[in-house]
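Listed below are the residues making up each chain.
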Amino acid sequence: MSFRLGYLAAFVALSSGAQESDTSEIEKITVTGTNQNRYVIESTKSLTGFPVDFLDLPRVVNIIPEQVILDQKITDLSEALRNSPGISLGDGFGGTNDDFLIRGFRRNTVYRNGFRRETNFKTNLSNLEYMQVVRGPASITYGQVEPGGLVDVVTKKPLVESRISGEARFGSYDDRFFLLDISQPISEKAGVRVVASTQDAESFRDFTDISRDTISISGVIDITDATSLDLSYEYRDESRPLDRGTITVPTADGREVINELLDIPLSRRFGEAFEVFESEFNFAEATLSHELNGDWALKVSGAIESSSANDLQARPLAAAIFDADGAITEDGFIIFDNPGDIATILGLATTTAIFDDPSDQVFLIRRTDGSQEQDVDVFYANALVTGEVELGNTNHRLAFGADYRDGETTRYFVNTDFTNGVSGTIGGDGALFNVSNPIYGNLDDSLSIEGATLLTSIEKNSGLFINDYMEITDNLNILVGVRYDSFEVDGESAENIEESQLSPQLAANYNLTGNASVFVSYSTAFEPNTTVNVLTGENVAFSPEESEQYEIGFKAEFFDGNLQASAAIYDIQKSNVLSTDDNDLPILIEGQSSQGGEISISGQPADGMNVIAGYAYVDAEIGTGDNSSNRPRNVAESTFNLWASYEVQGGKFEGLGLGSGLFYVGDRYGNDSNTYKLDGYTVVDLSAWYTVNIPGLGASDTLRFQLALKNILDEEYYSASGGDLRISLGTPRTAFASVSFDF
């Protein structure tokens, strides 16, 4: 709960001068158990620039508060997104980045307090107040985005009272996590908050070690009754394995995952112990807010993002398949009578051979490569003016915004030659990798940037927008908005490109009753198309993508507004779609469409009870090219999520809570050519906690003991495909135990 949002009444009194503020006058309520208000976010301003209540907003935004993260013992953004329907996962650069698809379209980034982060490093959940999943194009206020939607993480701010909280968590595979969260008012008009966490963990996968340290500092100063300044800074230092998962091989019936054909344990990696992604991340932001008068307000924000990263990969080029008596040794060397035989043997193995017998041998042709000394520096600036005017009988809520983004990325991309099964002692490039009897250590475990080319990409974006939310009658509201975007991409290794675009939106909302409404909307999106060729490391620029969405929806509130429900159907058309081929190389598809429907329910139908549920159907289709009419990879037609919890509100069991979740993802194709599928899967989780009140220790005086079991049915599944040689493996059954305090 933030400094101003959580205690709005206290600060309204302060700024109006109606009475003298004194923290001792704020009523203090002692609760044994969870404060139920921590589940409720009543309004959002993500699509308009000003707050709009749930029933009055003519779009769908799913909000996942911090308390859900705590109750489900969520450790990763991908887990949190299971609570929002219609989201499928991507492989996330070997599990090092946040990667997902909304309404059939892959994310472009994760937003932080409205800023479009340049990096996709794993999101820091320890500093999360809540996250919002905006569905459909949101270019008006967010700028250049994917048409399927976006995820915006809202970070913690100082509280009005002194508070210290923390957590110690221990889990399967030596997962250890510690958190400390301290908030302290400095005076009646200023406060500071520090959130620090550290994690060290292994995994069900071999030679895996995750190390992560974070610290977040935020402050708020009420300079005058009308002016305030918010400051925040976040630092992360992280090291985690770059794990490509498992592979597929061609068979007579199409490609299949090798684990389904051979006895390969889930723990086995086809990479190397040296594969690691190391990153440091800095993000500092400042926001100055000023009330111009009773109707108008100004907000100016600036931010700086600075990060560095290095990665080492054992990259597979292809799978080579040999018969049981094939001309190859168990440790991966080609058997030949003269050098002229090598090309023939390799050619047959990599282009025509299929896996058609359980005795077949499967080897990988690999190399070491990676980005070295990658540095990202980005400057952001936003300005927003909001207010209300009365024109005739119509009230207009207006937002005028401008934003600017200037970023530079530099790095070296270094690689060795691909192995060819010939010993280096006679001029070859090393042994192939036997997936059934792996021998590690045959690849270079380091890379030198000496003589390498520094790859540089410079991107500048600017935008202007206006939103007009017109309250036509007591029941009818209309939202009209337009945005102008301009961007430029430049650099030594990227094609220079300049583009500009107008993006309109139009929506209407009609309140059927006091607790139900319907809406229709039309919205557009626009985004530059730049990416990286993974084999050469060069930045590549394509023509920008354009998209539009038509949507019809229904919303309702039940149980005195404590339970919210929404349903929507949509049609999205997108041109100039950036995708990748089966070798993970960038390609441009002329068009992609997505039609579907979603149902979401969240809230508290009874005291102590919390429910989050949703279902989505996504009919996504590639529009042109060799894969025309196919479904894009990693997009599930159907997803379903249900989480329900109950915490006893009185009696001798007060503070005891139980929760259970069921998360279903339907089958997905592993590539755009739709030659193989990843089967659908269902994950079931359980969680139990007990909160004990200990008077005299602080503001809340509570200890909370919790046990969480994830994937209790030990479902074996593949969560995503990054290409034919990069299939992510789902996590098996795990357990977490934690103790947390709030004083």
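Residues numbered from 1 in each chain as written. Predicted model: local features only at pLDDT ≥ 70, side-chain atom pairs only at ≥ 80, totals over all residues. Heavy atoms only, no water.

**Some words on the nonpolar core**
Phase 1 of the analysis: Membership of the largest hydrophobic core comes to 19 residues, with the highest contact counts inside it found for Leu47, Val134, Ala138, Tyr142, Val145 and Leu150.
Phase 2 of the analysis: Not counting residues up to four positions away in its chain, the partners in contact with Val134 are Ser46, Leu47, Val60, Val61, Tyr142, Gly148, Gly149 and Leu150. (Core = buried A, V, L, I, M, F, W, Y, C linked by side-chain atoms within 4.5 Å. Buried < 20%, exposed > 50% of the residue type's maximum accessible area, 1.4 Å probe, protein only. Contact = heavy atoms within 4.5 Å.)

**A look at the pairing of strand E9 (residues 128-135)**
Phase 1 of the analysis: Burial runs high along E9: 8 of the 8 residues are buried.
Phase 2 of the analysis: Taken together, the 5 bridges between strand E3 (residues 61-65) and E9 define a ladder with antiparallel strand orientation. Paired with Ile63 across the bridge in E9 is Gln132.
Phase 3 of the analysis: The pairing of E9 with strand E10 (residues 149-155) spans 7 bridges and is classified as antiparallel. When the bridges of E10 are listed, Val134 appears paired with Leu150. (Helix = DSSP H or I, 4+ residues; strand = E, 2+ residues; numbered from the N terminus. Pairing = 2+ DSSP bridges.)

**Re the pattern of salt bridges**
Phase 1 of the analysis: Here the structure, examined in full by the defined rule, presents 43 salt bridges.
Phase 2 of the analysis: A salt bridge links Glu459 to Arg116; its shortest N-O distance comes to 3.8 Å. Separated by 343 residues along the polypeptide, Glu459 in strand E23 (residues 454-471) and Arg116 in strand E8 (residues 115-116) bring together distant segments of the chain. As far as burial versus exposure is concerned, Glu459 and Arg116 are alike and both buried.
Phase 3 of the analysis: Within the structure, one salt-bridge network assembled from shared partners comprises Arg59, Arg103, Arg135, Glu551 and Glu598. (Salt bridge = Lys/Arg side-chain N within 4 Å of Asp/Glu carboxyl O.)

**Regarding the packing of aromatic side chains**
Phase 1 of the analysis: Applying the stated criterion across every chain yields a total of 19 aromatic pairs.
Phase 2 of the analysis: Plain terms: the ring middles of Tyr111 and Tyr142 are 5.2 Å apart, the flat faces sit at 75° to each other, and that makes the pair edge-to-face. Taken as a pair, Tyr111 in strand E7 (residues 111-112) and Tyr142 in helix H5 (residues 139-142) lie far apart in primary sequence, 31 residues in all. This pair shows no difference in class: Tyr111 is buried, exactly as Tyr142 is.
Phase 3 of the analysis: A centroid spacing of 6.5 Å and a plane angle of 55° characterise the contact between Tyr173 and Phe204, whose relative ring orientation is tilted. Of this pair, Tyr173 sits in the loop between strand E11 (163-171) and strand E12 (175-187) while Phe204 sits in the loop between strand E13 (190-201) and strand E14 (210-222), placing them 31 residues apart in sequence.
Phase 4 of the analysis: Within the aromatic cluster, the residues linked to one another by ring pairs are Phe93, Phe115, Phe121, Phe277, Phe281, Phe283 and Tyr380.
Phase 5 of the analysis: Across from the ring centre of Tyr570, 4.2 Å away, lies the NZ or CZ of Arg103, which sits over that ring.
Phase 6 of the analysis: Looking at Lys555, its charged tip hangs above the ring of Phe54, at a distance of 4.9 Å from the centre. (Phe/Tyr/Trp six-rings, centres within 6.5 Å; stacked < 30°, edge-to-face > 60°. Lys NZ or Arg CZ within 6 Å of the ring centre and 35° of its normal.)

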